Amino acid sequence: MAVQVDVPLAPTRRHRAAALFRAALVPALAILTALVIGAIIIWFSAPSNRGTRLEVVVAAYRGLFAGAFGSRVAIANTLVEATPYILAGLAVTVAFKCGLFNIGAEGQLFMGALASTTVGFTITGLPAIIHLPLALIAGAVAAGLWGAIPGYLRARTGAHEVITTIMFNFIAFRLVDYFIVSGPLRDRRASLPRTPFIQANAQLPRFVGPLEPANLTGGQEYRPLIVTTDPGWNIRLHLGFLIALLAVWIIWWLLNRTTTGFEIRTVGANPEAARYAGMSITKNFVLTMALSGALAGLAGAGQALGLERNMKSLFSSGYGFDSIAIALLARSNPIAIIPAAIFWGALNTGKGEMQALTGISSDLIRIIQALVIMFVAADQIVRWIFRIRQAHGEQMVFSRGWGK
Amino acid sequence: MSAQQPPALEVRNITKRFPGVLANDGISFTLEKGEIHAFLGENGAGKSTLMNILYGLYAPDEGEILINGRPVTIRNSADAIALGLGMVHQEYALVDTLTVAENIMLGTEIVSGPLLDERRANQRISQLSREYGLQVPPDALVQDLPVGVQQRVEILKALYRNAEILILDEPTAVLTPQEAEDLFRVMRSLVARGKSIIFISHKLKEVLSIADRITVLRRGRVVGTALPHESTDRTLAVMMVGRSVVLTVDKDESQPGEVVLDVSNLVVLDDRQQVAVDGVSLQVRAGEVLGIAGVQGNGQTELVDAINGLRPVVDGRVCIAEQETTTAAPRHISELGVAYIPEDRKGTGLVLAYPIADNLVLSTYYRSPFARGMRILANTIEEQARKLVKEFDIRTPSIWTTAGSLSGGNQQKIIVAREFSRPIKLLVASQPTRGIDVGSIEFIHRSIIQQRDDGVAVLVVSAELDEVLALSDRIAVMYKGKILAVLPQPEATRERLGLLMAGITDEHPSEEKVNGSTG
């Protein structure tokens, strides 16, 4: 598998536009191809009582689009869904840049959420301006440390990060289970295993909406930035979305405009040359995995502090795993993570309406997502279908062989 | 061979365009049966393109190819093999962990039922190796063989597939002079038995000694065809580059100053944890060039890696500019003023996916004027790149072109430009001109001597005797991890060095282990 190579440090505008077009072409066509195959599947699986097959296909995609972008609430839901994808996708991207394959985003996301939630409900009496950043930092640091361990193991012992991060996922899941099912962080008054609700001052506030009723929130009063009772503005979009956008900008800047980013990219592109140029492979592996973990941790923190307000034992629905697909779709370009994550979020939010309108199972969306990943990863298929020539030097290995 | 017989291979008006480049421009030539036809040309002259067209890897835009007088279309390498073409690439296509016999029959296995018939394959291989004087051990693993023998395996592989025309791409680049002689003997026995050979090389002397005819390419066109007995290395070099070239480097007597590099009793292991550098001591003074001659794989790589902090030192010590650096990190060593031109240009010296501008600051990106704090200053990097590209004559469409898309000579100029663009006290250059064109070689040699004259201590490692002789003030010969002798340049004749490179010293005429050093 291969992803788009780096944009050089300071390319000309024309150069950058051309590179952007080349980089976006294959993912865009991969999505198109997957949607066409999805249409064919709908065609053959269309129920007979909903009109002609063509009508069902049209209705399904129309429903998918309406469910994702058809109303203010729908758009907000899509962006809410995209938020953890952006952060976790960024996490996987940063690791790719250093030649590392972080499959541990899911576990890091759990660790981040656990740390943020804990800081969110155990500390009381802090003003929001301190409590919220503290809770976010706790999540990022905990997950960063969690991610740094496989980085260190890789650099020092050669233990491949693909293996260790998968292992660390399971350790994280069980650790979280211990803390919130039987352990000290469980809310004893709750019938389901979960932590207590976070303090109102630790929440990532929604932008607009009504006050959340205290009887549903463990007595906390979660206040949006703008309070309104207008049901058209009852949207869940929270500050985490802006944090995600900010993170994209910071990571782009870090990778492309700093010495740290230059080192990370050089170690990823050619570790031999990096060593020769005096860079430390160990330092960059550990640093990159810590950064990657911290970003995944922020994704978890955002879900906990911005949506759930507590942590349940079944917390994430695979955001960390899907983020690998998003990083592939974005071809490891931090900026491209945003549209890729929104696309993924839109499929998830739109599928309900698609199913309601046409009776096509929402599982079809999983098939489309899988096809997108397949076409992006095996980009030769797309290149062959659309007769696109490979530009010289466009390929980059993003994960090396075992060992070594 | 009757004169009426059609040529084994005839190429008429082959033209191949790549975006922005005319790689082959109306090339025509003939290869007679039983002929060794050499192709000379700088990197980028179009030799590789032409050979790749013959081997079916590229389709020509125009022109035709005739084999034994019949026009043919070669769509892929399978077609080429079926038409009796065999190619030995510069990088061998062998599977290291398989035996010689397995490698040779790979893809054309003789089977009996579902099983390999290794006995019959081995018979065929030993018959071929006897016939052409290509001794190989059929049961040995390829990874255990020296390069010279691996090359024989490649040639056998082609013969095993009934190749009538062999294309040898820079076959002597990795061989010792003695191995090269062996190869030439094999080539002569091949043509004596009616095979035809296309021989690609940069090395003028070799071409003159082995070829029946020499075709010189420049910028995609045939400049001319020469006969060896009517040519000299100078006339060929002029044809190749289009102007007269300095084959020897003009330099004044060296003015050695204080000791800059002091290596004593150094022991270093190779990747397989075997002793590769076995108690080497040497000193290089400011303002002199110490050349290390030796066949590749005698510890030179490990020695320079250790000096530059890229390989751990097991025993002994290294001092650079009066500071002990035995266990220092590469960056510390580079900051003491050490420049390193590594042997593996593409794998170590450059990030091929990066633009030229980034490669030019690969070891200085973190300090002023290229960075302030952690911020990279793109403008100064760009300025630096424009300046160096001009100063070092790096031929590229833009400073944002990736290093990987340049020719070897220009890639090497990037490394030289980068390493010489900061103040240095010691220059370690490992195979500084391997596989690059004559024009670039000349340029790099002059740059190295310029550094010497500016008071830099220079350590040059090269498998090319001519290069060591041209550059060095003193010459050390390395053999099996030891320095056998250090000779002042005037006393170092090719013959004397050649014997030393084979491990033969005056006191020990046989190929035994020799302790200590002479000279």
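Residues numbered from 1 in each chain as written. Chains lettered and ligands numbered in written order. Predicted model: local features only at pLDDT ≥ 70, side-chain atom pairs only at ≥ 80, totals over all residues.

The number of helices and strands found in chain A is 14 helices and two strands. Since a compact globule built from 404 residues should have a radius of gyration of about 22 Å, the 22 Å found for chain A is in line with a globular shape. Considering chain A as a whole, with its 404 residues, one finds that 52% of them fall into the buried category. Long-range pairs, those at least 24 residues apart, make up 76% of the contacts in chain A between residues at least 6 apart in sequence. (Helix = DSSP H or I, 4+ residues; strand = E, 2+ residues; numbered from the N terminus. Rg over C-alpha atoms; globule rule 2.2 N^0.38 Å. Buried ≥ 20, exposed ≤ 12 C-beta atoms within 10 Å, placed from the backbone. Contact = placed C-beta atoms within 7 Å.)

As a further point, take the overall build of chain B. The helix and strand tally for chain B stands at 17 helices and 24 strands. Relative to the compact-globule value of 24 Å for 519 residues, chain B shows a C-alpha radius of gyration of 24 Å, a close match. Dimensions of chain B, computed from C-alpha atoms along their principal axes, come out at roughly 70 × 55 × 50 Å. Here chain B holds 519 residues, and the buried ones make up 47% of them. Counting contacts in chain B only where the partners sit at least 6 residues apart, residues at least 24 apart contribute 67% of the total.

With that settled, the discussion passes to helix H5 (residues 128-157) of chain A. Along an α-helix, residues three or four positions apart point the same way, because every turn accommodates 3.6 residues. Relative to the 44 Å expected for 30 residues at 1.5 Å per residue, H5 of chain A spans 43 Å between its end C-alpha atoms, a close match to the ideal helical length. Immediately downstream of H5 of chain A, the backbone of Gly158 of chain A shows phi near 80°, a positive value. (Expected span 1.5 Å × (residues − 1).)

Attention shifts here to unusual backbone geometry. Going from Ser368 of chain B to Pro369 of chain B, the amide bond is cis rather than trans, its omega being 5°. In this fold, Pro369 of chain B is placed in the loop between helix H12 (356-359) and strand E19 (371-372). Of note in this structure, Arg309 of chain A is not a glycine but carries a positive phi near 65°. Here Arg309 of chain A lies in the loop between helix H10 (281-308) and helix H11 (319-329). At Asp393 of chain B, a residue that is not glycine, the phi angle is positive and equals roughly 55°. Checked against the element boundaries, Asp393 of chain B lands in the loop between helix H13 (378-391) and helix H14 (408-420).

Now for the domain arrangement of chain B. All names here are of chain B. Per the domain assignment, the segments making up chain B are domain 1 (9-241), domain 2 (246-337 + 423-519) and domain 3 (352-418). In this structure, domain 2 and domain 3 have C-alpha centres spaced 27 Å apart. Between domain 2 and domain 3, the contact holds nine residues from the first and seven residues from the second. Here the element with the most residues in the side of domain 2 that touches domain 3 is helix H15 (residues 438-453); it accounts for five residues. Split by residue class, the side of domain 2 that touches domain 3 holds three nonpolar, five polar and one charged. (Domains from an automatic or database assignment. Nonpolar A, V, L, I, M, F, W, Y, C, P; charged D, E, K, R; others polar.)

Leu87 and Leu295 of chain A together with Val477 of chain B are the most contacted members of the largest nonpolar core, which totals 271 residues. The contact partners of Leu295 of chain A, leaving out residues within four places of it in the chain, are Leu87, Leu90, Ala91, Val94 and Ala247 of chain A. (Core = buried A, V, L, I, M, F, W, Y, C linked by C-beta atoms within 7 Å.)

Residue and element names in this part refer to chain B. Put simply, chain B has an average pLDDT of 87, and 94% of its residues get 70 or more. With pLDDT under 50 throughout, residues 509-519 is counted as low confidence; its partners more than four residues away or in other chains account for 18 contacts. For this predicted complex, the interface confidence comes out at an ipTM of 0.85, alongside a pTM of 0.78. (pLDDT = per-residue confidence, 0-100.)

Taken together, the four strands give an open sheet; going across it, the order is E14-E13-E16-E17 (chain B), and neighbouring strands pair in antiparallel fashion. Taken across any chain shown, the strands that pair with only one partner, and hence form the sheet edges, are strand E14 (275-285) and strand E17 (323-324) of chain B. (Pairing = 2+ DSSP bridges.)

Residues and elements named next belong to chain A. Looking at chain A as a whole, its pLDDT mean stands at 89, while 93% of the residues score no less than 70. Within chain A, no element has a lower average pLDDT than helix H14 (residues 379-385), which sits at 81, and none a higher one than helix H7 (residues 240-257), at 97. With pLDDT under 50 throughout, residues 1-10 is counted as low confidence; its partners more than four residues away or in other chains account for 39 contacts. Note on residues 392-404: pLDDT is under 50 here. Beyond four places in sequence and across chains, it has 29 contacts.

Looking now at the interface of chain A and chain B. If you look at the interface, chain A gives 25 residues, while chain B gives 31 residues. If you list the elements that add at least two residues to the side of chain A that touches chain B, you get helix H8 (259-269) and helix H9 (271-276) of chain A. The dominant element in the side of chain A that touches chain B, judged by the number of residues it contributes, is H8 of chain A, at five residues. Class assignment of the residues belonging to the side of chain A that touches chain B gives a composition of eleven nonpolar, ten polar and four charged.

Residue and element names in this part refer to chain A. With their axes 7 Å apart at the nearest point, helix H3 (residues 72-97) and H10 run at an angle of 170° to one another. Looking at the two axes, H3 sits roughly antiparallel to H10. Contacts between H3 and H10 involve Val80, Thr83, Pro84, Leu87, Ala88, Leu90, Ala91, Val94 and Ala95 from the first element and Thr288, Met289, Leu291, Ser292, Leu295, Ala296, Leu298, Ala299, Gly302, Gln303 and Leu307 from the second. Each residue belonging to the contact of H3 with H10 can be placed in one class, and the counts come to 15 nonpolar, five polar and no charged. (Axes fitted to C-alpha atoms, helices over the stretch in contact; angles between N-to-C directions. Parallel < 35°, antiparallel > 145°, perpendicular 65-115°, else oblique.)

Residues and elements named next belong to chain A. Running from amino to carboxyl end, H7 crosses H10 at an angle of 165°, the nearest separation of the two axes being 10 Å. Judged on the interaxial angle alone, H10 and H7 are roughly antiparallel. Crossing hand, H7 versus H10: right-handed. Seen from H7, the contacting residues are Gly240, Ile243 and Ala247; seen from H10, they are Leu295, Leu298, Gly302 and Gly306. Tallied by class, residues from the contact of H7 with H10 come to four nonpolar, three polar and no charged. (Left-handed = near helix turned anticlockwise from the far one by under 90°.)

All names here are of chain B. On the basis of which strands lie adjacent, the open sheet formed by six strands has the order E18-E21-E22-E15-E23-E24 and mixed pairing. One side of each edge strand has no neighbouring strand; the edge strands of this open sheet are strand E18 (338-341) and strand E24 (482-488). Within this sheet the neighbouring strands show an average axis-to-axis angle of 15°, counted without direction. In this sheet, strand E22 (residues 457-462) lies alongside strand E21 (residues 426-430) in parallel orientation, the contact comprising five bridges. Within E22, the residue paired with Leu427 across the bridge is Val458. Against the sheet, helix H17 (residues 494-501) contacts strand E15 (289-293), strand E23 (474-479) and E24, and its axis sits at roughly 30° relative to E23.

All right, on to the environment of Ile365 of chain A then. Residues and elements named next belong to chain A. Its place among the elements puts Ile365 in helix H13 (residues 363-377). Taking the C-beta count within 10 Å as the criterion, Ile365 has 21 such neighbours and is therefore assigned buried. Discounting residues that sit within four places of it in the chain, Ile365 has contacts with Leu347 and Lys351.

Another point: helix H6 (residues 161-182) of chain A. All names here are of chain A. Counted at 1.5 Å a residue, the expected span for H6 with its 22 residues is 32 Å, and the 30 Å between its end C-alpha atoms agrees. Of all the residues in H6, the buried ones are Glu161, Thr164, Thr165, Phe168, Asn169, Ala172, Val176 and Ile180. Each buried residue of H6 lies within a common arc of 150° when the element is viewed along its axis, so the set occupies one face. In H6, those exposed residues whose orientation departs by more than 90 degrees from the buried face are Phe170, Arg174 and Ser182. Along its buried surface, H6 packs onto helix H4 (105-122) and H5. (Arc of directions from axis to C-beta.)

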